[in-house]
Amino acid sequence: MERVELSVGLELSRIVYGLWRLGDDEDTSPARVQKKIEACLEQGITSFDIADIYGGYTTEAILGKALKDAPELRARMEIVTKCDIIAPIGKYSGRAVKYYDTSPAHISASLERSLRKLKTDRIDLFLLHRPDPLMDPVETGRALDEAVASGKVRAVGVSNFKPHDWELLQSAMENRLVTNQIEISLLTHQPMTNGELAFLQREGVAPMAWSPLGGGALLSSGHNRMNEALKHFAERDGVEAGVIAVAWLLAHPACILPVIGTNKLERIRAFADAFKVNMDRETWYALYTAALGHEVP
Amino acid sequence: MERVELSVGLELSRIVYGLWRLGDDEDTSPARVQKKIEACLEQGITSFDIADIYGGYTTEAILGKALKDAPELRARMEIVTKCDIIAPIGKYSGRAVKYYDTSPAHISASLERSLRKLKTDRIDLFLLHRPDPLMDPVETGRALDEAVASGKVRAVGVSNFKPHDWELLQSAMENRLVTNQIEISLLTHQPMTNGELAFLQREGVAPMAWSPLGGGALLSSGHNRMNEALKHFAERDGVEAGVIAVAWLLAHPACILPVIGTNKLERIRAFADAFKVNMDRETWYALYTAALGHEVP
Amino acid sequence: MERVELSVGLELSRIVYGLWRLGDDEDTSPARVQKKIEACLEQGITSFDIADIYGGYTTEAILGKALKDAPELRARMEIVTKCDIIAPIGKYSGRAVKYYDTSPAHISASLERSLRKLKTDRIDLFLLHRPDPLMDPVETGRALDEAVASGKVRAVGVSNFKPHDWELLQSAMENRLVTNQIEISLLTHQPMTNGELAFLQREGVAPMAWSPLGGGALLSSGHNRMNEALKHFAERDGVEAGVIAVAWLLAHPACILPVIGTNKLERIRAFADAFKVNMDRETWYALYTAALGHEVP
């Protein structure tokens, strides 16, 4: 499995395992979670993506319980977690509305909580989950710099930021933001032409892609042209259709790290096939054309 | 009243009084206008926003008449005026269409006319009113620099400019543009997420906000969710609903200067209450959510 | 005819002759093509725009045949050609879909083919035809730099690039990109306000405009307001309606080079009239207002 250096001392596996639905599995016991982690590690997938809010603020603790008695697993993993969304659920159920909090007090408290729940003393990569229109770049930037300086996180980044959000925050920071985790897939391909990926390429930053299968929609009915195109190339190369959609992202020069979430062990194994796909230019554009619904201009 | 330093030697009051409708008052006598100015000054509102075109090119003269015999008022005020719109009314009624003129000849003639009508020998802040697709950045930039060099204006800025308009003009100037007066309100909140405010924050430029109450629409029927949210917080904090909408702008870290226009003396006084509102993050987002019509993603 | 210096040693005529439809003429003999070139040269139009894909990859050869025995014509011309579109026609008819190829191998092969077909040993200006979402800026930039270093092209540029596409490619190159050929006309006037022209103005780059007459639509029925406005000013100034549309572009400070394609010799001559039009600010905005369908804000 290819590895990507996001900053000095921080490498992620090119494919990242997403823990968004970890709590949805029937079995969330430490043993079962450890099995999933092992299945990933066997494929060379060493990076795991989570967020404080996943599972209504409960998923980090599920992962933490599995890691508590398995320090040898933790040592082989990179954990990416996120903060800043306050949704009126769980411990925040009294809040009037969903909102974002990028204040230093919240960032610091959220980081401490994530460390505690994850039973670890360091987050490998800590992200702001959503751009906050109320963000004070100086205060937020300092809070992120301090998180790095404290040794509690190895690096910081963002998620769902537009280039202007990135530039504003970065302009007030000492450390480099090392990634932007955004939605990219054959269903949400606009970042490839609207300047979002071009901006990150120019900055030399590798993006992470959430929902690289369009939340599964790419593979469901209702996208017939897309389904057929994926199936066609899947048969040609002897892989699953979803693997073709991931290979489509891997072929882009922006060095996209797809975040793949599945609770099925066998599917985790399947995704390593993405590197075997023959994603030449003609194949790439055939899929892009199916995604656009018309040929390129 | 908080004050904002836009450039060395030029401070505006955080709330600016807008004279857009000065001529619509039944009484436009110098005595009445002086009363309004005094009501503002009592609140610490020392900055007054006008434009050559207001009232069909007649409003500057109404203000000038009031200032003519009241130099002690003028000395305590900052006057912001604007140029570049040629509308086929008043002295321009022969023109075929409405257009913008950022030529040096027009800028210079417009400045001279504003000085004459306002009965003053210096404009505190002189703005281009609208971006002109025909603007020659070198010529227009030089004209603005010369206006500063002549001592006839203390500083220059723009209005309704997009970041690219700003960058083009600024790249050809010696003086810094010190503000961009744009529409921002709970009805027109897009600048908070589309990069317009982020750009100004990065440049270290405080924006002025025109129509901070959405031209009154925020308070009228037809915006029920918004009306209710404003009323709710107005009752909570014991202020007028419109004051909540202004406090919402003041809470943003971009340091927005709302331009408030009202011909009613009592309402001028009410707006100083905006600084007393408890605009915490949850309140801010409750209003933003009402403005969006749905919760944040 | 005004001339524009795009880079040291490369000047184009302000009006460029477009050879898009060269192959559509009933007579494509060398003699007829030479007549067209001579008609252009008589007007001071020395720059000729073509692309590998025009006429289904056949038009370059038609021009080449006309130049083969007329080296004195070639010596007085600048040839602009383009590469990167692979359409499933002609030699590419076996391809599954239309796509773009900015790989060094394709750029280099396409350049060699263009030189061979055009019977020339140097392209004056070589453009990437479309932004390619799969472009690797480092590889593509190096390929363009090598094209310049080899002496086979005098300068390189792009077409249909957005500012972010430009910045990405330029950031990886030694040579300056010298133009961006984009669609601009009274029908497609958005580049004048969406930042595309502002970006090029800031970079000091003169754009070329394709379809300056909206592909003829400006002059056809269905655009009544536009037709009338063009006719009105055409009668005022004693020129053709299309000439007014071209003069509208020439008046913009971005220094736009319109690419005009017509197979009629008499129309080639007419366009030199564009410099005689009285395109003052009021006329410019009257046309812009007709294009918008409403007055400016």
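Reading guide: rules and limits
- Residues numbered from 1 in each chain as written.
- Chains lettered and ligands numbered in written order.
- Predicted model: local features only at pLDDT ≥ 70, side-chain atom pairs only at ≥ 80, totals over all residues.
- Heavy atoms only, no water.
- Helix = DSSP H or I, 4+ residues; strand = E, 2+ residues; numbered from the N terminus.
- Contact = heavy atoms within 4.5 Å.
- Areas by Shrake-Rupley, 256 points an atom, 1.4 Å probe, with all protein chains shown as cover.
- Phe/Tyr/Trp six-rings, centres within 6.5 Å; stacked < 30°, edge-to-face > 60°.
- Buried < 20%, exposed > 50% of the residue type's maximum accessible area, 1.4 Å probe, protein only.
- UniProt positions renumbered as here; feature names shortened; annotations may be inferred.
- Least-squares fit on C-alpha atoms with pLDDT ≥ 70 in both.
- Salt bridge = Lys/Arg side-chain N within 4 Å of Asp/Glu carboxyl O.
- Buried area = accessible area lost by both parts, 1.4 Å probe.
- Polar contact = N/O pair within 3.5 Å; in protein donor to acceptor, adjacent residues only side chain to side chain.
- Pairing = 2+ DSSP bridges.
- Expected span 1.5 Å × (residues − 1).
- Axes fitted to C-alpha atoms, helices over the stretch in contact; angles between N-to-C directions.
- Parallel < 35°, antiparallel > 145°, perpendicular 65-115°, else oblique.
- Nonpolar A, V, L, I, M, F, W, Y, C, P; charged D, E, K, R; others polar.
- Left-handed = near helix turned anticlockwise from the far one by under 90°.

Attention now moves to the overall build of chain A. Within chain A one finds 12 helices and 12 strands. Reported as C-alpha extents along the three principal axes, the dimensions of chain A are approximately 50 × 45 × 40 Å. When contacts within chain A are restricted to residue pairs at least 6 apart in sequence, long-range pairs at least 24 apart make up 74% of them. When the accessible surface of chain A is totalled, it reaches about 11,300 Å², and 47% of it is carbon and sulfur.

Further remarks concern the packing of aromatic side chains. Residue and element names in this part refer to chain C. Counting across every chain of the model gives 30 aromatic pairs over all chains. Between Tyr17 and Phe48 the ring centres are 6.0 Å apart and the planes differ by 75°, which places this aromatic pair in the edge-to-face class. With Tyr17 in strand 3 (residues 16-18) and Phe48 in strand 4 (residues 47-49), this residue pair connects regions lying 31 residues apart in the sequence. Tyr17 gets classed as buried once you look at its relative accessible area, which sits at 3%. Given a relative accessible area of 1%, Phe48 falls into the buried group. Both rings, one in Tyr285 and one in Tyr288, keep their centres 6.1 Å apart while their planes meet at 75°; by these two values the pair is edge-to-face. Taken as a pair, Tyr285 and Tyr288 lie in helix 12 (residues 281-292) at a separation of three residues, close to a single helical turn.

Moving on, we get to the UniProt feature "domain: NADP-dependent oxidoreductase" (unreviewed entry) in chain A. Per the UniProt record, "domain: NADP-dependent oxidoreductase" (unreviewed entry) is found at residues 14-284 of chain A. Between the C-alpha atoms that bound residues 14-284 of chain A the distance is 19 Å, and the span itself is 40% helix and 15% strand.

Superposition record for chain B on chain A: RMSD 0.0 Å, screw rotation 120°, translation along axis 0.0 Å. One copy is carried onto the other by what is essentially a three-fold rotation axis. Taking C-alpha positions as reference, the residue of chain B nearest the rotation axis is His164 of chain B, located at 7.3 Å.

So, about the pattern of salt bridges. For the structure shown, the criterion picks out 52 salt bridges over all chains. For Arg32 of chain B, the salt bridge is made with Asp25 of chain B, and the minimal N-O distance between the two is 2.9 Å. Through salt bridges with shared partners, a single network forms among Arg3, Glu11 and Glu78 of chain A.

Now for the interface of chain B and chain A. How big an interface is tends to be reported as the loss of accessible area on association of its parts. Counting residues at the interface gives 20 residues for chain B, matched by 21 residues for chain A. Roughly 1,900 Å² is buried in total at the junction of chain B and chain A, and carbon and sulfur atoms are behind 62% of that figure. Between Glu167 of chain A and Arg202 of chain B there is a salt bridge, with its nearest N and O atoms 3.1 Å apart. Linking chain B to chain A there are 11 residue pairs in polar contact (both at pLDDT 80 or more).

The next subject is the environment of Lys162 of chain A. Structurally, the position occupied by Lys162 of chain A is in the loop between strand 9 (153-159) and helix 7 (163-170). A C-alpha to C-alpha distance of 6.7 Å links Lys162 of chain A and Glu196 of chain A, two positions 34 residues apart in sequence.

On to the pairing of strand 2 (residues 10-13) of chain B, then. All names here are of chain B. Taken together, the four bridges between strand 1 (residues 3-7) and strand 2 define a ladder with antiparallel strand orientation. Residue Ser7 lies in a different strand from strand 2, and its bridge partner there is Leu10. Following strand 1, the chain reverses through two residues before pairing antiparallel with strand 2; Gly9 in that reversal takes a positive phi of roughly 90°.

Looking now at the side chain of His252 of chain C. Positionally, His252 of chain C belongs in the loop between helix 10 (241-250) and strand 12 (257-260). His252 of chain C sits in the buried class, given a relative accessible area of 2%. Polar side-chain contacts of His252 of chain C include one of 2.8 Å to the backbone oxygen of Pro133 of chain B. Excluding its chain neighbours within four sequence positions, the residues that come into contact with His252 of chain C are Pro133 and Leu134 of chain B together with Arg14, Met192, Leu197, Gln201 and Trp284 of chain C.

To continue, consider helix 12 of chain C. Look at helix 12 of chain C: 16 Å from first C-alpha to last across 12 residues, which is about the 16 Å you get at 1.5 Å a residue. Most of helix 12 of chain C is tucked away, with nine of its 12 residues classed as buried. When we look at burial in helix 12 of chain C, the residues that qualify are Arg281, Thr283, Trp284, Tyr285, Ala286, Leu287, Tyr288, Thr289 and Ala290 of chain C. Here the buried face of helix 12 of chain C lies against strand 7 (99-100) of chain B together with helix 9 (224-237) and helix 10 of chain C. Immediately beyond the C-terminal end of helix 12 of chain C, within one or two residues, lies Gly293 of chain C, with a positive phi of roughly 85°.

With that settled, the discussion passes to unusual backbone geometry. All names here are of chain B. The backbone phi angle of Cys255 is positive, close to 60°, even though this residue is not glycine. Tracing the chain through its elements places Cys255 in the loop between helix 10 (241-250) and strand 12 (257-260). Among the residues examined, Cys255 registers a relative accessible area of 22% and is labelled partly exposed.

What follows deals with the environment of Arg32 of chain A. Residue and element names in this part refer to chain A. Residue placement: Arg32 occurs in helix 1 (residues 30-42). Residue classification places Arg32 among the partly exposed residues on the basis of a relative accessible area of 22%. Sequence-wise, Arg32 and Ser93 are 61 residues apart; in three dimensions their C-alpha atoms are separated by 30 Å.

For helix 7 (residues 163-170) of chain B, a buried count of six out of eight residues is recorded, marking the element as mostly surrounded by other parts of the structure. In this structure, the buried side of helix 7 of chain B is in contact with strand 8 (123-128), helix 6 (137-149), strand 9 (153-159), strand 10 (180-183) and helix 8 (196-203) of chain B together with helix 8 (196-203) of chain C.

Here we come to the interface of chain C and chain B. Each partner contributes to the interface: chain C provides 20 residues, whereas chain B provides 21 residues. With both sides pooled, the region where chain C packs onto chain B buries about 1,900 Å², and carbon together with sulfur makes up 62% of that total. Where chain C meets chain B, there are three salt bridges. At the surface where chain C touches chain B, the tally comes to 11 residue pairs in polar contact (both at pLDDT 80 or more). When residues of the side of chain C that touches chain B are traced back to their parent elements, those giving at least two are helix 8 and helix 12 of chain C. Top element by residues in the side of chain C that touches chain B is helix 12 of chain C. It accounts for seven residues.

For the rest of this paragraph, the subject is the sheet that holds strand 8 (residues 123-128) of chain A. Residues and elements named next belong to chain A. Ordered by their spatial adjacency, eight strands build a closed barrel running 3-4-5-8-9-10-11-12, and the pairing between neighbours is parallel. Strand after strand, the sheet turns through a mean of 30° between neighbouring axes, direction not considered. As paired elements, strand 10 (residues 180-183) and strand 11 (residues 208-210) share three bridges and run parallel to each other. Residue pairing in the sheet places Gln181 in a bridge with Met208 of strand 11. Across the face of the sheet, helix 6 (residues 137-149) comes into contact with strand 8 and strand 9 while running at roughly 150° to strand 9.

This brings us to the packing of helix 1 (residues 30-42) of chain B against helix 3 (residues 59-68) of chain B. Residues and elements named next belong to chain B. Closest axis-to-axis distance for the helix 1/helix 3 pair is 8 Å, and the angle between their directions is 85°. Regarding the angle of helix 1 to helix 3, the classification is roughly perpendicular. Listed contacts from helix 3 to Pro30, Val33, Gln34 and Ile37 of helix 1 are Ile62, Leu63, Lys65, Ala66 and Leu67. Looking at side-chain class alone, the contact of helix 1 with helix 3 contains seven nonpolar, one polar and one charged residues.

Moving on, we come to the packing of helix 7 of chain A against helix 8 of chain B. Between helix 7 of chain A and helix 8 of chain B, the least distance of the axes is 9 Å, while the angle of their chain directions is 20°. One way to sum up the angle between helix 7 of chain A and helix 8 of chain B is to call them roughly parallel. Crossing hand, helix 7 of chain A versus helix 8 of chain B: left-handed. Where helix 7 of chain A approaches helix 8 of chain B, its residues His164, Glu167 and Leu168 of chain A are matched on the opposing element by Ala198, Gln201 and Arg202 of chain B. Split by residue class, the contact of helix 7 of chain A with helix 8 of chain B holds two nonpolar, two polar and two charged.

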